Amino acid sequence: MVGPLGKKVNARSSFAPEILFSISREQQRVGKRLLDQDGVDIWNIHELFWIDKKDCAHHEEISIHIPAQSPNTVESKSLKLFINSLIHKRFEHIEHVKKEIKFHLEGLLDSEISLKEIHKKAPATKHQVNTSSEYNLISTMSGQIELRGFRGFRSLCPVTSQPDIAEIFIDGHIHDKDLDAVSSYLGSFFNKECFHELCIEYIYSDLFKAGFDIKKVEGYFERRGGIAIIPIRYSQY
């Protein structure tokens, strides 16, 4: 079975949980030589539209938290279509909407998930991604622990080849003298086809292998269709 990403799909005329499509994390990671890491994929849902039993329309914003160690994740377009199809049901309260979402996603992913408020960026020192092809990614000096945000990150969707834009947050020891190398390394993804989650797993693994003491890596990818994906990775230990 193939998911709807990259295809023209008609809007559903009824509630459609069957449109949800899972993706095996193991298949995504096989052969990538990634370090073991923990974390969560946060899906900010900015356009949760639902209708109550008095036919009053409501617009909410929530976030869906999927553990990075879940056997499966969800295809983004199928989630959008599922969320959009909620208008064809009637609910007493937003908590009932959340319960419906949680029920169907946990069944699809074979994992517990949580629904929370919209996830927001933390204040961080700002830097720019450099698209230079030359870099030597190695930690030369130990810096103080600091949260740094790198703007201008771009990768390509492996299915549609369309650009995915993000701001990458790195929490760890990076000395000022190593910033250019880290910035250029992030720029090496510019024309690389890679899913959001794998981008962050590569970044965490490669920085750690290069000798950087990294506590956490977060990717705030720009939203599409009212959904923004924010993969977060950190050590399992």
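Residues numbered from 1 in each chain as written. Predicted model: local features only at pLDDT ≥ 70, side-chain atom pairs only at ≥ 80, totals over all residues. Heavy atoms only, no water.

Another aspect to go through is the pattern of salt bridges. Taken as a whole and assessed by the stated rule, the structure comprises 17 salt bridges. The partner of Lys102 in a salt bridge is Glu106, with the nearest N and O atoms 2.6 Å apart. A residue pair is termed a helical-turn pair when its members lie 3 or 4 positions apart in one helix, as Lys102 and Glu106 do in helix α3 (residues 94-109) at four residues. Looking at Glu106, the relative accessible area reads 22%, which means it is partly exposed. Between Glu167 and Lys121 there is a salt bridge, with its nearest N and O atoms 2.9 Å apart. Taken as a pair, Glu167 in strand β9 (residues 163-173) and Lys121 in the loop between β6 (114-116) and β7 (125-128) lie far apart in primary sequence, 46 residues in all. (Salt bridge = Lys/Arg side-chain N within 4 Å of Asp/Glu carboxyl O. Helix = DSSP H or I, 4+ residues; strand = E, 2+ residues; numbered from the N terminus. Buried < 20%, exposed > 50% of the residue type's maximum accessible area, 1.4 Å probe, protein only.)

Now for the pairing of strand β10 (residues 213-221). Pairing geometry for β9 and β10, over eight bridges, is antiparallel. Each bridged residue has a counterpart across the sheet, and for His173 the counterpart in β10 is Asp213. Relative to strand β11 (residues 227-234), β10 is paired through three bridges, and the arrangement is antiparallel. Looking across to β11, one finds that Lys216 is bridged to Tyr234. Between the antiparallel neighbours β10 and β11 lie five residues, among them Gly225 with a positive phi of about 60°. (Pairing = 2+ DSSP bridges.)

Moving on, we come to the environment of Glu197. The residue Glu197 is located in helix α5 (residues 196-209) in this model. Classification of Glu197 as buried rests on a relative accessible area of 7%. The spatial distance from the C-alpha of Glu197 to the C-alpha of Leu108 is 18 Å, given a sequence separation of 89 residues. Apart from the residues lying within four places of it in its own chain, the contact partners of Glu197 are Arg25, Asp41, Trp43, Thr73, Ile229, Pro231 and Arg233. (Contact = heavy atoms within 4.5 Å.)

Topologically, Arg233 is positioned in strand β11. Given the relative accessible area of 0%, Arg233 is considered buried. Polar side-chain contacts of Arg233 include one of 3.3 Å to the backbone oxygen of Val40. (Polar contact = N/O pair within 3.5 Å; in protein donor to acceptor, adjacent residues only side chain to side chain.)

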